[in-house]
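# Structure at a glance
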Amino acid sequence: MIKGMYAATAGMITMLTRAQQISNNIANVNTVGYREDTVRVTSFPQQLMNRVFGGSSSPNIGSLVNGTVTESTWIRYAQAPLRATDNPLDMAIQGTGMFAVQTPQGVRYTRDGGFRRDGLNQLVTTRGDLVLDANLQPITLPAGGTTMRANGEILVNDQVVGQVGLFDFVEPQQLVKVGNTQFEDARQLAQPLAAVGTTVRQGYLEQSNVDPARAMTDLMVAQRTYEAAARMVQLQDEMTQRAANDLGRI
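Residues numbered from 1 in each chain as written. Predicted model: local features only at pLDDT ≥ 70, side-chain atom pairs only at ≥ 80, totals over all residues. Heavy atoms only, no water.

### Quick notes on the sheet that holds strand β12 (residues 146-148)
For clarity, the threshold we go by: Pairing between two strands is assigned when DSSP locates at least 2 bridges connecting them. Note on conventions: DSSP H or I runs of at least 4 residues are helices, E runs of at least 2 residues are strands, and numbering of each starts at the N terminus. Note on method: axes are straight lines fitted to C-alpha atoms, helices fitted across the in-contact stretch only, with angles between N-to-C directions ranging 0 to 180 degrees.
Spatially, the three strands line up as an open sheet ordered β12-β13-β14, and their pairing is antiparallel. Where the open sheet ends on each side, the last strands, each with one partner, are β12 and β14 (159-163). Each adjacent strand pair in this sheet contributes to an overall mean axis angle of 30 degrees, direction not counted. Looking at chain direction, strand β13 (residues 153-156) and β14 are connected through four bridges and run antiparallel. Across the sheet, the residue bridging to L155 is V160, located in β14.

What follows is the structure, given as structure tokens:
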């Protein structure tokens with residue numbers, strides 16, 4: 001019975017984590033460039049059950065799962081819908097890859113292409129971080145009309161003045177979310193490289209890739225599973241109490 005209580009409690013903890021993660025996704029359903037988190041769940045090692053009598057040659061009669069546990073958080077990088085804007089410096093990526101930006105904490109990556117000129121005519125994010133080219137250098141934009149090619153080249157008055165860097169990753173799941181829809185390769189394991197087959201759309205922003213309807217359904221399932229596990233814990237407690245009282249009278 002104690003094992004059953006452990007399994008049910010582990011299920012409660014797992015579903016609580018799942019519900020919190022889904023709630024965060026729903027809160028960011030309108031955040032530009034947001035990437036959805038999902039929880040990867042695995043089971044505790046199974047315990048083989050043998051016959052109590054019959055010697056060492058007795059066959060196994062089954063196994064017992066000792067509950068579930070949250071293994072890791074997995075980032076879903078699927079493409080999200082694009083939204084047209086009136087800003088010619090806004091950029092949206094179609095395909096894999098990310099922009100690189102220079103922050104006070106170092107180089108970070110993002111799918112948020114909401115850009116502008118700063119006072120030094122450099123291309124920056126809405127938070128003031130420098131947008132970098134393929135060589136991780138800042139991009140300077142002279143005054144004038146700005147257009148953009150699908151490969152990320154930026155033209156001012158029909159002259160190429162720079163090319164925004166587009167980076168893909170050999171191991172994108174090694175990236176760590178650090179807020180503001182930015183990712184960091186903290187352990188240098190993601191292995192960034194030049195994106196291939198990726199295009200840039202001028203005057204568009206990529207939205208969040210969270211599906212609100214599916215997220216709400218998943219949240220309801222997580223809540224109901226949590227409640228079922230909580231009832232199981234209560235039942236196991238009642239059974240344990242009853243067993244203790246009955247054994248005490250024998």
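### Observations concerning the pattern of salt bridges
Quick note on the threshold: One side-chain nitrogen of Lys or Arg within 4 Å of one carboxyl oxygen of Asp or Glu is enough to make a salt bridge. Partly exposed residues are those whose accessible area sits between 20% and 50% of the maximum for their type, while under 20% is buried and over 50% is exposed, using a 1.4 Å probe and protein chains only.
Considering all chains together, one arrives at nine salt bridges under this definition. Between K177 and D37 there is a salt bridge whose closest N-O contact spans 3.1 Å. A residue pair is termed long-range when its members are at least 10 positions apart, and K177 in strand β16 (residues 176-177) and D37 in strand β1 (residues 36-43) qualify at 140 residues. What makes D37 buried here is its relative accessible area of 12%. For E206, the salt bridge is made with R111, and the minimal N-O distance between the two is 2.8 Å. With E206 in strand β20 (residues 204-206) and R111 in the loop between β8 (106-110) and β9 (115-117), this pair connects stretches of sequence that are 95 residues apart. For E206, a relative accessible area of 0% translates into the label buried. A network of salt bridges, in which partner residues are shared, links R18, E36, R76, R214 and D218.

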